[in-house]
Amino acid sequence: MNTPTTTLYDRLGRRDGIARITRALIQNHLANPLVSNRYAQIQDMDRLERNVIDFFCAGAGGPEAYAGKDMLATHRGMNISEQEFVAVIDDAMAALVSCGIEPPVRNEVLAILWSMKGEVIRV
Ligand code: HEM
C-alpha cells in the first residue's frame, strides 16, 4: 500500500510551497476572463493573499490559524455560478501544475475544493 505518512501540508511544500501556489492561483484568477472581474475590484490584495495562504495551510494540516471569514460568510451574497466555481477550481489545478505538484496530490486538493461547493455557489 502506498499510504502517505506525511500531511497534505507537507506534500504541498509547507508554508513556502502553499504561498507560491496561492500567488499562482491569484494570478490565474486575474487572467481568467470567467472570474477576473470578481478579483480585479478587491482593495487589499495582500490581505486576501494572506488569508488564502492561511486558509490552505490550516486546511492542509499546517499549524497556521486562519483569521478570515468562513466560506459561507465570505461568499454569501456574491451569487457565484457553477461556471465560476469550475473556473476557480481549474485555476487552482493549473496553479498546482505550474508549481510542480504531482497528480495524486492535485487530486486530493480537487476533492477538498469540490466538497466546498455548497458553501460557495449561490449562497
Ligand atoms: C472551493 C472554492 C473556493 C474557496 C476554497 C475559496 C476561498 C476563499 C478564501 C479563503 C477567501 C478569503 C476570505 C477572507 O479574506 O476573509 C476568499 C475570498 C474571495 N472569494 Fe473565494 N473561494 C472559493 C471559490 C470562489 C469562487 C468560485 C469565487 C467567484 C468567482 C470566489 C470569489 C471570492 C472573492 C471575490 C473573494 C474576496 C472577498 C473580499 O475580500 O471581498 N471564491 N475565497
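Data block above holds the structure.
In short, a report on the structure.

Rules and cut-offs
Numbering of residues starts from 1 in every chain and runs along the sequence as written. Confidence filtering applies because this is a predicted model: local features only for residues at pLDDT of at least 70, side-chain atom pairs given and counted only at 80 or more, and all residues used for totals across whole chains, interfaces and linings. Here the side-chain values reflect all heavy atoms present in the structure, with hydrogen atoms and water set aside. In what follows, a disulfide is any cysteine sulfur pair within 2.5 Å. With a 1.4 Å probe rolled over the protein chains alone, any residue whose accessible area is under 20% of its type maximum counts as buried; one over 50% counts as exposed, and the rest are partly exposed. Proximity criterion: a residue is near a molecule or strand once any of its heavy atoms comes within 4 Å of it. In the analysis that follows, any N or O atom pair within 3.5 Å is treated as a polar contact, provided that within protein one partner can donate a hydrogen and the other can accept it, and provided that, for residues neighboring in sequence, both atoms belong to side chains. Numbering of helices and strands runs from the N terminus; a helix is a DSSP stretch of H or I covering at least four residues, while a strand is a stretch of E covering at least two. Each axis is a line fitted through C-alpha atoms, and for a helix only the stretch in contact is used; angles between axes span 0 to 180 degrees, taken between their N-to-C directions. Orientation is classified from the angle alone, with under 35 degrees giving roughly parallel, over 145 giving roughly antiparallel, 65 to 115 giving roughly perpendicular, and any other angle giving oblique. The hand of a helix crossing depends on one turn: near helix anticlockwise from the far one by less than a right angle means left-handed, and clockwise means right-handed. Residue contacts are defined here by distance: any two heavy atoms, one from each residue, within 4.5 Å place the two residues in contact. Note that Gly is not counted as nonpolar here; it falls among the polar residues with everything else outside the nonpolar set of Ala, Val, Leu, Ile, Met, Phe, Trp, Tyr, Cys and Pro and the charged set of Asp, Glu, Lys and Arg.

A separate point is the state of the cysteines. Scanning the model with the defined rule gives 0 disulfides in all. Left unpaired, C57 is separated from the closest cysteine sulfur, that of C99, by 13 Å. On the accessibility criterion, C99 (16% relative accessible area) is buried.

Among the 22 residues in the neighbourhood of the ligand, the closest are listed as Y39, N51, K69, M71 and H75. Contact between the ligand and Y39: a nitrogen atom at 3.5 Å from a side-chain N or O atom of the residue. N51 is positioned with one of its side-chain polar atoms (N or O) 2.8 Å from an oxygen atom of the ligand. If you list the elements that add at least two residues to the shell around the ligand, you get helix 3 (36–40), helix 4 (45–59), helix 5 (71–75) and helix 6 (82–98).

Two numbers describe how helix 2 (residues 14–31) lies on helix 4: the axes approach to 9 Å, and their chain directions differ by 130°. Relative to helix 4, the element helix 2 lies oblique. The two elements helix 2 and helix 4 meet at a crossing, and its hand is right-handed. Every residue of helix 4 that contacts helix 2 at R15, I18, A19, T22, R23, L25, I26 and L30 is listed here: M45, E49, V52, I53, D54, F56 and C57. Here the residues of the contact of helix 2 with helix 4 sort into 10 nonpolar, 1 polar and 4 charged.

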